[in-house]
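Next come the chains, spelled out residue by residue.
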Amino acid sequence: MKNLFYIFIAIVFTTSCRSIDKMVESGNYDEAIIFAAEKLHGKKKKKTKYVKGLEKAFAKVTKADMEHIAFLNADYRTENWDRVYSTALKIKSRQDRIAPFLPLISKDGYRASFEFVRTNDILEEASRGAAQYHYARAESLLTSARTGEKMAAREAYSALHSVKDYHTNFKNTDAMIDEALDLGRTHVLIGVENASGAFIPGRFNEIITSIDVTMLNSRWKVFHVDENYPGHFDYKATFKITGLDVSPERETIERYTDEKEVKDGWRYVLDENGNVAKDTLGNDIKEDNWVIVRANVVEIHREKGAIVRGQLEYTNTLTGDVIRSIPVNVESVFEDYASTFNGDRRALCDRSRRRLKDRPLPFPPDHAMIIEASEELKAILADKLSRTHI
């Protein structure tokens, strides 16, 4: 109950603090307009204080915004058109909020007066000016982009989308966007290089270069696995194999005994005289018969591994410099078990049961282990490539 009391006091205090006069006096005009509109909405008898508060807040904020627009226009800077447009858009939004209330008359007969601004004219002029400003900026940036400055192309792309925010079909904006995309993209060729001196199956390279590059591509970064791409590669992302080790085939034999107490039927309960005990109804008393069972297990364990070590190197194709090198190691492991037993099957533990078979799988050849490692390596490289910023 005490908590509810404090919540009630807080609500009353907060409501009393939200005075429309205080909002206007402190310059929070839009907050005052929203507050007054909420209080007037759906009310047949509209309180004069909210009607006057709305009128005053609207007049003051409109005057301030129009003075701001006049100041921006007097500055004669084309980059101001964005701010002119956004300010005019706020005026329009404000007027659209108030329009449904008009004519606005309080229950005491006070009739509010609102002077609306012809925002469509301002918005049209500002949208033309802003579109022209961003278009001219994009033209200048594309000039730099054509000399190889990719960041200029990306800025041009952004500027051209700002143009489309104002005018969907402004001049040749769409064609310029395509050009900006083309000039701003970084093209990366993915490849494999064997620097280990060890034999690498040809299938290894095929698997690595079968990465689905469409899953790696982004707006500004495009990967390739085909060297015959007609365009220019900015970087090469090469997985350089520096080491390859295939472990010897290892086979171990372990002998152990599983033992378990199991229920094996039932037996009569005997009394102290050695006779079958009876219950209160005269029936023979029986109980579960528990016995210890054993199974002698022979387990064969086969194990073999392959480790591929290397570096994912990013090379600038223009300078030949390695700009980044990321270590990448992957291991392929073969492991299999086979178990046989003699004795009571019921004694076997879960592990022994799972491994029951006559013989383990044969050891895979070295090249198969390397190919298996390449499949896992492909996924690791794809993740590294997608995360690396160049």
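Tallying each qualifying case throughout the model produces nine aromatic pairs. Where Tyr85 meets Tyr166, the ring centres are 5.0 Å apart and the plane angle is 90 degrees; that geometry is what we call edge-to-face. Of the two residues, Tyr85 is situated in helix α5 (residues 81-98) and Tyr166 in helix α7 (residues 150-166); the sequence distance between them amounts to 81 residues. Taken together, the aromatic side chains of Phe58, Phe114 and Phe116 make up a single cluster linked through ring pairs. A cation over an aromatic ring shows up here: Lys52 above the ring of Tyr110, its NZ or CZ 4.9 Å from the ring centre. The ring of Trp266 carries Lys286 above its face, with NZ or CZ at 4.2 Å from the centroid.

Here we come to the packing of helix α3 (residues 29-40) against helix α4 (residues 48-74). At a minimum axis separation of 9 Å, α3 and α4 run at an interaxial angle of 150 degrees. One way to sum up the angle between α3 and α4 is to call them roughly antiparallel. In the crossing of α3 with α4, the sense of the turn from one axis to the other is left-handed. Contacts between α3 and α4 involve Tyr29, Asp30, Ala32, Ile33, Phe35, Ala36, Lys39 and Leu40 on the former and, on the latter, Tyr50, Val51, Leu54, Ala57, Phe58, Lys60 and Val61.

Following the sequence through the fold, Thr388 ends up in the segment after α11 (366-387). The buried category is assigned to Thr388, whose relative accessible area is 7%. In terms of polar contacts, Thr388 uses its side chain to reach the side chain of Tyr314, at 3.4 Å. In contact with Thr388, not counting residues within four places along its chain, are Lys221, Tyr314, Arg324 and Ile326.

Bridging between strand β1 (residues 186-194) and strand β3 (residues 235-246) involves seven bridges; their strand directions are parallel. Following the sheet pairing, Val188 is matched in β3 by Tyr235. The pairing of β3 with strand β5 (residues 286-316) spans 11 bridges and is antiparallel. In the strand pairing of β5, Leu244 is matched with Val308.

Here we take up the packing of helix α6 (residues 119-145) against helix α8 (residues 173-184). At a closest axis distance of 11 Å, the pairing of α6 and α8 adopts a crossing angle of 35 degrees. For the crossing formed where α6 meets α8, the hand is left-handed. Counted together, Tyr135, Ala138, Glu139, Leu142 and Ala145 of α6 and Thr173, Met176, Glu179, Ala180 and Leu183 of α8 form the full contact between these two elements.

Attention shifts here to the side chain of Ser339. One can find Ser339 in strand β6 (residues 322-343). With near-sequence residues (within four places) excluded, Ser339 lies in contact with Val297, Val298, Glu299, Ser352, Arg355, Leu356 and Lys357.

It is worth spelling out a positive patch on the surface at this point. On the surface, Lys39, Lys43, Lys45, Lys47, Lys49 and Lys107 cluster together into a positively charged patch. Its place among the elements puts Lys47 in the loop between α3 and α4.

Moving on, we get to the pattern of salt bridges. Counted according to the given criterion, the structure contains 28 salt bridges. Put simply, Glu303 and Arg250 hold a salt bridge, and the shortest N to O gap is 3.9 Å. Of this pair, Glu303 sits in strand β5 while Arg250 sits in strand β4 (residues 250-268), placing them 53 residues apart in sequence. Notably, a salt bridge pairs Arg302 with Glu251, separated by 2.6 Å at the nearest N-O pair. Linking Arg302 in strand β5 with Glu251 in strand β4, this pair joins segments that are 51 residues apart in sequence.

A few words now on the environment of Ala131. Locating Ala131 in the fold gives a position in helix α6. Linking Ala131 and Ile211, residues 80 residues apart in sequence, is a C-alpha distance of 42 Å. If near-sequence neighbours (up to four positions away) are discounted, Ala131 is found in contact with Val163, Tyr166, His167 and Phe170.

Turning our attention to a negative patch on the surface. Taken together, Glu331, Glu372, Glu375 and Glu376 make up a surface patch of like negative charges. The element that contributes the greatest number of residues to the negative patch is α11, accounting for three residues. Relative to the elements of secondary structure, Glu375 occurs in helix α11.

Further remarks concern α3. For an α-helix, the turn length of 3.6 residues means that residues three or four places apart are oriented alike. The end-to-end C-alpha separation of α3 is 16 Å, in line with the 16 Å expected for 12 residues at 1.5 Å each. Where α3 is concerned, the buried positions are Ala32, Ile33, Phe35, Ala36, Ala37 and Leu40. The elements touched by buried residues of α3 are α2 (20-25), α4 and α5. Among the residues trailing α3, Gly42 stands out with phi positive, at a value near 75 degrees.

What follows concerns α11. Here α11 contains 22 residues, and its C-alpha end-to-end distance of 32 Å stays within 8% of the 32 Å for a straight helix at 1.5 Å per residue. Looking at the packing, one finds that the buried side of α11 touches β1, α9 (202-208), β2 (221-224), β3, β5 and β6.

In the predicted model, the protein carries a mean pLDDT of 90, and the fraction of residues at 70 or more is 95%. Low pLDDT, under 50, characterises residues 1-17; the stretch is placed with one contact to residues that sit more than four places away or in other chains.

We now examine unusual backbone geometry. Cis geometry is adopted by the peptide bond preceding Pro103, which originates at Leu102 and carries an omega value of -10 degrees. Considering the arrangement of structural elements, one finds Pro103 in the loop between α5 and α6. Residue Lys171 is not a glycine yet carries a positive backbone phi of 50 degrees. Locating Lys171 in the fold gives a position in the loop between α7 and α8.

The rules we used
Residues numbered from 1 in each chain as written. Predicted model: local features only at pLDDT ≥ 70, side-chain atom pairs only at ≥ 80, totals over all residues. Heavy atoms only, no water. Phe/Tyr/Trp six-rings, centres within 6.5 Å; stacked < 30°, edge-to-face > 60°. Helix = DSSP H or I, 4+ residues; strand = E, 2+ residues; numbered from the N terminus. Lys NZ or Arg CZ within 6 Å of the ring centre and 35° of its normal. Axes fitted to C-alpha atoms, helices over the stretch in contact; angles between N-to-C directions. Parallel < 35°, antiparallel > 145°, perpendicular 65-115°, else oblique. Left-handed = near helix turned anticlockwise from the far one by under 90°. Contact = heavy atoms within 4.5 Å. Buried < 20%, exposed > 50% of the residue type's maximum accessible area, 1.4 Å probe, protein only. Polar contact = N/O pair within 3.5 Å; in protein donor to acceptor, adjacent residues only side chain to side chain. Pairing = 2+ DSSP bridges. Patch = residues over 30% accessible without salt bridge, like charges linked within 9 Å, V, L, I, M, F, W, Y side chains within 5 Å. Areas by Shrake-Rupley, 256 points an atom, 1.4 Å probe, with all protein chains shown as cover. Salt bridge = Lys/Arg side-chain N within 4 Å of Asp/Glu carboxyl O. Lys, Arg positive; Asp, Glu negative; His and termini not counted. Charge placed at Lys NZ, Arg CZ, Asp CG, Glu CD. Expected span 1.5 Å × (residues − 1). pLDDT = per-residue confidence, 0-100.

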